[in-house]
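Next come the chains, spelled out residue by residue.
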Amino acid sequence: MNWICIGVAALAALSLYLASPHQALWPAALRRQAFLRWLSVPLVAGSIATAVETYGAWCGVCMALAGFMTTLVVLPYLDAWRRKGARHVG
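One structure accompanies this document, and this report is about it. Keep in mind the model is a prediction, meaning the values are calculated, not measured. (Residues numbered from 1 in each chain as written. Predicted model: local features only at pLDDT ≥ 70, side-chain atom pairs only at ≥ 80, totals over all residues. Heavy atoms only, no water.)

### Overview of the packing of helix α1 (residues 2-18) against helix α2 (residues 33-55)
Relative to each other, α1 and α2 sit at 165°, their axes nearing to 8 Å. When the axes of α1 and α2 are compared, the pair comes out roughly antiparallel. Our pair here, α1 against α2, has a crossing hand that is left-handed. Judged by residue contacts, N2, C5, V8, A9, L11, A12, S15, L16 and L18 of α1 engage L36, R37, L39, S40, L43, V44, S47, T50, A51 and Y55 from α2. (Axes fitted to C-alpha atoms, helices over the stretch in contact; angles between N-to-C directions. Helix = DSSP H or I, 4+ residues; strand = E, 2+ residues; numbered from the N terminus. Parallel < 35°, antiparallel > 145°, perpendicular 65-115°, else oblique. Left-handed = near helix turned anticlockwise from the far one by under 90°. Contact = heavy atoms within 4.5 Å.)

### Here we look at α1
Here α1 spans 24 Å end to end across 17 residues, near enough to the 24 Å set by a 1.5 Å rise per residue. When we look at burial in α1, the residues that qualify are C5, A9, A12, A13, S15, Y17 and L18. On the buried face of α1, the contacting elements are α2 and α3 (57-83). (Expected span 1.5 Å × (residues − 1). Buried < 20%, exposed > 50% of the residue type's maximum accessible area, 1.4 Å probe, protein only.)

Rendered as structure tokens:
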């Protein structure tokens, strides 16, 4: 169950990252920014609610947010690695 909660939180982070104008993982997602931002809220709320119901209040919140934050940290690195040296700034 904990991997499901973390996976749903990671999907919420992915949808939030794809709504960012700085991402280059999936350029077509920029046309659906509002929907992706909206989608991230129920996903992370559902992940937190499921984890809290299963593991308790603080443990569930920490598990869900750890998956969310880890994904938000990893995605920009994945994006930069896919570009392989392309200049992003300047």
